[in-house]
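Residue-level structure breakdown
The chain contents come next:
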Amino acid sequence: MNLVNKLLAKIPKNIHFRPKHLLWSCLIILGLTLTQISSYLPTATAQQPSFFSPREFRGVWVASVANIDWPSQRGLPVAQQKAELLNILNRMQELNLNALVLQVRPTGDALYDSSIEPWSGWLTGQQGTPPQPFYDPLAFAIAESHKRNIELHAWFNPYRAQLSPNDGSFAANHMATKYPQYAYRYGKNIWMDPGAKVIQDQTFNTIIDVVRRYDVDAIHFDDYFYPYPQAGQEFPDYQTYNAYKASGGTLSVSNWRRQNVNNMVQRLYQGIHAEKPYVKFGISPFGIYRPGNPPGIVGFDQYEGLYADVKLWMEKGWLDYLAPQLYWRIDPPQQSYPALLNWWLQQNPQRRHIYAGNFLSQLQGAGWPVSEFERQVALSRQRTSQLSLGNIFFSMKMFRDNVSGVNNVFKSSVYPTPALPPAMPWLDNQPPAPPTGIQVNSDVISWSADNTGDVRSWALYQQNGNQWALLQVLNSATNAVRVTPGTYALRAVDRLANESSEQVVTVE
């Protein structure tokens, strides 16, 4: 009936007839050709190519603590620091990775220009000493990542103050110097007290300062809240706990510690989004919530050991993504990668993203074969309907050094083509405006530069039969691309990976 009504609307008012009986006669009277008639047919009758837009988070951790990944040594010349970081980003681009998780506050210090905390000794060789000649590593990393369509997730450790006594002295503005009463030697570490309000505020203010001043895509925590337990040594926060009890608190010490961590997670989730609603917040906890979850799993109890109630955070929606460190192989039943992944996927009532953390360093540390990681990524992909939407690999050193030929395998079979990261509709579901001014000149497609500030990148698709396949992701400063003959579609992509409608062109 919709088609009939559309056609009747084209008939002059002075022609009188019974429309259902004389429709085709009237069409002939009006001189409508079959081609014109077909233009009114529903488009669903034609086979339109469908878009294949792979969405997958492909991250890698780059650790600065102990110079694990970057910089490779303390106190390197600035030119070498920059060159190493560019090599990492170029390797990521080569491997079609799309997210750099960069550790910027490993021990109460800063790998960026901060008025709150001291320059990191892991960067310059001496805590509190700025790089010379001066540059801001975080600003540099963000700009170079975005040029390559790579997200930058700024990775913070909230309470660790020192890794070992060999790390050198604290600067005057380090939190352990300012608040020595809350700085505890615990094993080899010095750890700040997560129950002390001034320490909570220091962590919160430091992170919000970065959110405010830098164009980061996300704030990221790993598994360190309270320190991992030391045999025969209780974490010495009894004075803070006793003060809590004296003020009327009734929680047990374990529940009080969990409440301290819960409050920080909630406060940060709300504070980050109040400052910039589009900045994501993700946490990568220890991969086992509690022994017996799921049945048969044994191992460390982070709920009682680190006081991290990750299940609660997921129930409350205090995260935008969770990256559980599933640092075990597929087959051992006591810590099974697929069993643990399946369990975490079931603890997600707010439907946040799950990106499994993969222990790529076991290529070197334990001699795992690269095929183990091929299988782990494949298992993650089989569960996309449950919001298993990507992987993060520890650490970049394996890709940097191509350990066991891992790069060759990833390029050929794991990530052979680019992918956009998954969109987060609860943060932003408004697509950007589509590209404008699109033209073809010989083998070059060009379009107008973005003047809205809303475009992070351009997604170029090529038609292959009845599908559009993602061919390239181009940065926002690009407005022309050379291609081979074919039919192409261009979409604008915003910072949260929402795509515009497409503009289609054919290159002869």
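Owing to the predicted nature of the structure, the values given are computational and were not obtained by experimental measurement.

1. Considering the overall build of the chain
The secondary structure content of the chain amounts to 17 helices and 19 strands. Expressed as a percentage of its 508 residues, the buried residues of the chain come to 53%. Pairs at least 24 residues apart make up 71% of the contacts formed inside the chain by residues separated by at least 6 positions. About 21,500 Å² of surface is accessible on the chain, with carbon and sulfur atoms providing 51% of the total.

2. A look at helix α17 (residues 406-414)
Taken residue by residue, α17 has Val-406, Asn-407, Phe-410 and Val-414 as its buried positions. Taken end-on, α17 shows its buried residues confined to a sector of 100°, consistent with a single buried face. Where α17 is buried, its residues touch α4 (78-94), α14 (362-365), α15 (370-381), β12 (388-393) and α16 (396-400).

3. Quick look at the sheet that holds strand β7 (residues 189-192)
With respect to topology, three strands assemble into an open sheet ordered β5-β7-β6, the strand pairing being antiparallel. Looking along the sheet, the strands with just one partner apiece sit at the ends: β5 (160-162) and β6 (183-186). Pairs of neighbouring strands in the sheet enclose a mean axial angle of 35°, with direction left out of account. Where β5 lies against β7, two bridges are found, and the strand directions are antiparallel. By the bridge assignment for β7, Arg-160 is matched with Trp-191.

4. Remarks on the sheet that holds strand β13 (residues 439-441)
Sheet strands line up and pair through hydrogen bonds in the backbone, either parallel or antiparallel. The strand order across the open sheet built from three strands is β13-β14-β17, with neighbouring strands paired in antiparallel fashion. Looking at the sheet topology across the chains shown, the edges are occupied by β13 and β17 (480-482). Pairs of neighbouring strands in the sheet enclose a mean axial angle of 20°, with direction left out of account. Pairing of strand β14 (residues 444-446) with β17, which is carried by three bridges, proceeds in the antiparallel orientation. Directly across from Ile-445, in β17, lies its bridge partner Val-481.

5. Describing the side chain of Asp-222
Within the secondary structure, Asp-222 is located in the loop between β8 (218-221) and α9 (238-246). Buried charge Asp-222 goes without a salt bridge, the closest partner of opposite sign being Arg-160 at 5.6 Å. At 3.1 Å, the side chain of Asp-222 and the side chain of Trp-155 are in polar contact. For Asp-222, the side chain forms a polar contact with the main-chain nitrogen of Tyr-224, separated by 3.3 Å. Leaving out residues up to four positions away in the same chain, Asp-222 has contacts with Trp-155, Phe-156, Asn-157, Ile-283, Ser-284 and Gln-325.

6. Here's the deal with the nonpolar core
In terms of nonpolar packing, the biggest core is built from 122 residues, with Ile-219, Phe-281, Trp-313 and Phe-399 touching the most fellow members. If one sorts the elements of this core by residue count, helix α10 (residues 253-275) sits on top with seven residues. Filtering out sequence-adjacent residues up to four positions away, Ile-219 remains in contact with Ala-154, Phe-156, Ile-207, Val-211, Ile-272, Val-279, Lys-280, Phe-281 and Gly-282. Formed by 13 residues, the second largest nonpolar core is a distinct cluster that contains Trp-447, Val-481, Leu-490 and Ala-492.

7. Remarks on unusual backbone geometry
Trp-70 connects to Pro-71 through a cis peptide bond whose omega is -15°. Within the element layout of this structure, Pro-71 appears in the loop between β2 (57-62) and α4. Cis geometry marks the peptide bond from Gln-132 to Pro-133; its omega dihedral reads -5°. Relative to the helices and strands, Pro-133 resides in the loop between α5 (121-124) and α6 (137-147). At Ala-66, a residue that is not glycine, the phi angle is positive and equals roughly 60°. Note on placement: Ala-66 falls in the loop between β2 and α4. Even without a glycine there, the phi angle at Leu-387 is positive, about 70°. One can find Leu-387 in the loop between α15 and β12.

Analysis parameters
- Residues numbered from 1 in each chain as written.
- Predicted model: local features only at pLDDT ≥ 70, side-chain atom pairs only at ≥ 80, totals over all residues.
- Heavy atoms only, no water.
- Helix = DSSP H or I, 4+ residues; strand = E, 2+ residues; numbered from the N terminus.
- Buried < 20%, exposed > 50% of the residue type's maximum accessible area, 1.4 Å probe, protein only.
- Contact = heavy atoms within 4.5 Å.
- Areas by Shrake-Rupley, 256 points an atom, 1.4 Å probe, with all protein chains shown as cover.
- Arc of directions from axis to C-beta.
- Pairing = 2+ DSSP bridges.
- Axes fitted to C-alpha atoms, helices over the stretch in contact; angles between N-to-C directions.
- Lys, Arg positive; Asp, Glu negative; His and termini not counted.
- Salt bridge = Lys/Arg side-chain N within 4 Å of Asp/Glu carboxyl O.
- Polar contact = N/O pair within 3.5 Å; in protein donor to acceptor, adjacent residues only side chain to side chain.
- Core = buried A, V, L, I, M, F, W, Y, C linked by side-chain atoms within 4.5 Å.

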